[in-house]
Amino acid sequence: MEKAMYFLDQKDMPTHWYNILPDLPEPLPPIVHPGTKEPCPMDMPLPPPLFPDAINKQEFSTERYIEIPEEVQAAYRTYRPTVLHRAYRLEKALDTPAKIFYKYEGTSQAGSHKPNTAIAQAYYAKKEGFKRMATETGAGQWGSALAMGCVFFDLECKVYMVRVSYNQKPYRRILMETWGAKVVPSPSQDTDVGRGLLTEDPQHPGSLGIAISEACEDAFANDDTKYSIGSVANHVLLHQTIIGEETRKQMEMADAYPDIIVGCIGGGSNFAGQFLPWIRDKISGKKPDMRIICVEPQAAPSLTKGPYTWDFGDIAGLAPILKMYTLGHTFIPSPIHAGGLRYHGMAPIICHLYKLGLVEARAEYQIPVFEAGVKFARTEGIITAPEPCHDLKVAIDEALKCKESGESKTILIAHSGHGHFDLGAYDEYLSGKMQDYEYPEEKVKEALASLPKV
Ligand SMILES: *Cc1c(COP(=O)(O)O)cnc(C)c1O
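Residues numbered from 1 in each chain as written. Predicted model: local features only at pLDDT ≥ 70, side-chain atom pairs only at ≥ 80, totals over all residues. Heavy atoms only, no water.

1. Quick word on the overall build of the protein chain
Piece 1. Counting its regular elements, the protein chain contains 17 helices and 15 strands.
Piece 2. Whereas a compact globule of 454 residues would reach a radius of gyration of roughly 22 Å, the protein chain reaches 20 Å, a difference of no more than 12%.
Piece 3. Residue burial in the protein chain is summarised as follows: out of 454 residues, 63% are buried.
Piece 4. Expressed as a percentage of contacts within the protein chain between residues at least 6 apart in sequence, the contacts between residues at least 24 apart total 76%.
Piece 5. A total accessible area of about 16900 Å² is found for the protein chain, and carbon and sulfur atoms account for 51% of it. (Helix = DSSP H or I, 4+ residues; strand = E, 2+ residues; numbered from the N terminus. Rg over C-alpha atoms; globule rule 2.2 N^0.38 Å. Buried < 20%, exposed > 50% of the residue type's maximum accessible area, 1.4 Å probe, protein only. Contact = heavy atoms within 4.5 Å. Areas by Shrake-Rupley, 256 points an atom, 1.4 Å probe, with all protein chains shown as cover.)

So this is what it looks like as structure tokens:
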């Protein structure tokens, strides 16, 4: 029998997150305080009072395995372990000797990997006595994950949602409101940052950088509130490693080991969650030729076009300053459908690994990306979110290369979620109305003028 799904029993779900920091060949650059412009101390790397203490400690922890609290494990067990699939039908359609696997995070209640960290962050805020969480969301995936996480730990949730998405994507807003969150379009009237921008332009479309500033301001202004971020930060990538830790066990069940791992990167959390537990084998020399391919949109090409430098995480300079490949915190993205990939920067851990040559990067246009998404839907059946359609494009390219060379490589796809709320994008693609966007080189240069002086 050809097994197409590998299930891990709940009793075998990993009990620890994997922390890459002690295994990095060179240490990660520190985080810089947005006010003082000085490096934050390693024992309190995130400027207080934004995050719960436990999260601050995790950010630069040197512990290799960090235990997942029992309450968080119990919440994970409402949807984990997720399934590892073998894509036989796609392999057959491509007529490739490659073996293609995908770890699918679309079966969480929010439809993506994001609850893996939302649940952990809500748990720590609750445990430390806070009542409320504030956050930003672009297309709504992160906001909906945190809204759900807050349900599990009985917290209030306030979401600043980028205005263009708020207007264009009512279903994600309704999802958040059903879970009990309060959602406002950003820029909003609820913060100084928002009011300032609305005075300049009452129709301001918003951006993720602006929404982050609003959520940070909210947490600064309210003692009962903690800020929560859905990607980029080390602790978020840490929480996502449950994905790769499970996959390692499942690949063993399949008697397989990946030669190539592909995933999309917005802030970098889902893909790092999959590949960090594997990259230690590349660093240690156990699997030196493993290829790890990070895929980003041509419309937001941080790794492939941005410089590696210090930049703010948000527009108002309230969030920490990070060393990253960046398009500048003033970046206003083109309206591509992969809303989760439109952030100006990238997780410092991914940037560091890219700089060290341990991971590769590729930028793709959205039309061929959707073509891959449709091919996947018409073989494997799953309607993929626009973000992981980027993985599918590159995985298919690599599988076709195997067909040419006759090599039977094992390709592992980090499939981060379903696209049931993205049917408008599929409609645009299917009706031939979709456009490609490329981020112009001049804009990258312009944005560099506004970088912080560190
Ligand atoms: C948010 C999101 C992403 C991008 O975020 P990362 O932090 O880079 O993982 C990718 N896929 C899906 C389905 C998302 O919701």
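2. Notes on the layout of surface pockets
If you roll a probe as big as a water molecule over the atoms, it shows you where there is empty space left.
Piece 1. Its volume calculated, the largest pocket comes out at about 560 Å³.
Piece 2. For the largest pocket, the lining is made up of 28 residues, of which Ser165, Gln168, Lys169, Ile336 and Arg342 are closest to its centre.
Piece 3. When contributions to the lining of the largest pocket are tallied by element, the ones reaching two or more residues are helix 6 (163-168), helix 7 (170-178) and helix 16 (423-430).
Piece 4. Looking at which element gives the most residues to the lining of the largest pocket, the answer is helix 16, with 4 residues.
Piece 5. Here the residues of the lining of the largest pocket are counted per class, giving 13 nonpolar, 10 polar and 5 charged. (1 Å grid on protein atoms, 1.4 Å probe; cavity = no way out; pocket = protein on both sides within 12 Å on 5 of 7 lines; lining within 4 Å. Points joined across faces, edges and corners; volume = space filled by probe spheres on them. Nonpolar A, V, L, I, M, F, W, Y, C, P; charged D, E, K, R; others polar.)

3. Some remarks on the nonpolar core
Piece 1. In terms of nonpolar packing, the biggest core is built from 96 residues, with Trp17, Phe275 and Leu276 touching the most fellow members.
Piece 2. Among the elements that make up this core, the one with the highest residue count is helix 4 (residues 115-127) (7 residues). (Core = buried A, V, L, I, M, F, W, Y, C linked by side-chain atoms within 4.5 Å.)

4. Concerning helix 5 (residues 141-152)
Piece 1. Along its 12 residues, helix 5 runs 17 Å from first to last C-alpha, staying within 8% of the 16 Å computed at 1.5 Å per residue.
Piece 2. Counting buried positions along helix 5 yields 10 of 12 residues, so the element is predominantly enclosed.
Piece 3. Every buried residue belonging to helix 5 is among Gln141, Trp142, Gly143, Ser144, Ala145, Leu146, Ala147, Met148, Gly149 and Cys150, and all of these are buried.
Piece 4. Next to the buried residues of helix 5 lie helix 4, strand 6 (132-137), strand 7 (156-162), helix 7 and helix 15 (386-405).
Piece 5. Positioned one or two residues after helix 5, Asp154 has a phi angle of 55 degrees, which is positive. (Expected span 1.5 Å × (residues − 1).)

5. Some points on the packing of aromatic side chains
Piece 1. All chains considered together, the criterion is met by 14 aromatic pairs.
Piece 2. Both rings, one in Phe51 and one in Tyr227, keep their centres 5.5 Å apart while their planes meet at 65 degrees; by these two values the pair is edge-to-face. Here Phe51, found in the loop between strand 2 (16-18) and helix 1 (53-59), pairs with Tyr227, found in strand 9 (residues 225-227); they are 176 residues apart in sequence, far enough to count as distant.
Piece 3. Exposure remark for Phe51: the relative accessible area of 4% places this residue in the buried category.
Piece 4. Taking the relative accessible area as the measure of exposure, Tyr227 reaches 1% and is therefore buried.
Piece 5. Centre to centre, the rings of Tyr123 and Tyr124 are 5.1 Å apart; their planes meet at 65 degrees, and the pair counts as edge-to-face. Grouping residues by exposure puts Tyr123 and Tyr124 together as buried.
Piece 6. One cation-aromatic arrangement involves Arg248 over Trp278; the distance from NZ or CZ to the ring centre is 4.9 Å.
Piece 7. Sitting over the ring of Tyr308, Lys323 keeps its end group 4.6 Å from the ring centre. (Phe/Tyr/Trp six-rings, centres within 6.5 Å; stacked < 30°, edge-to-face > 60°. Lys NZ or Arg CZ within 6 Å of the ring centre and 35° of its normal.)

6. Some points on the environment of Ala118
Piece 1. Summarising the element assignment, Ala118 is placed in helix 4.
Piece 2. The buried category is assigned to Ala118, whose relative accessible area is 0%.
Piece 3. Along the backbone, Ala118 and Met176 are 58 residues apart, and their C-alpha atoms lie at a distance of 13 Å.
Piece 4. Aside from chain neighbours lying at most four places away, what touches Ala118 is Trp142, Ala145, Leu146 and Gly149.

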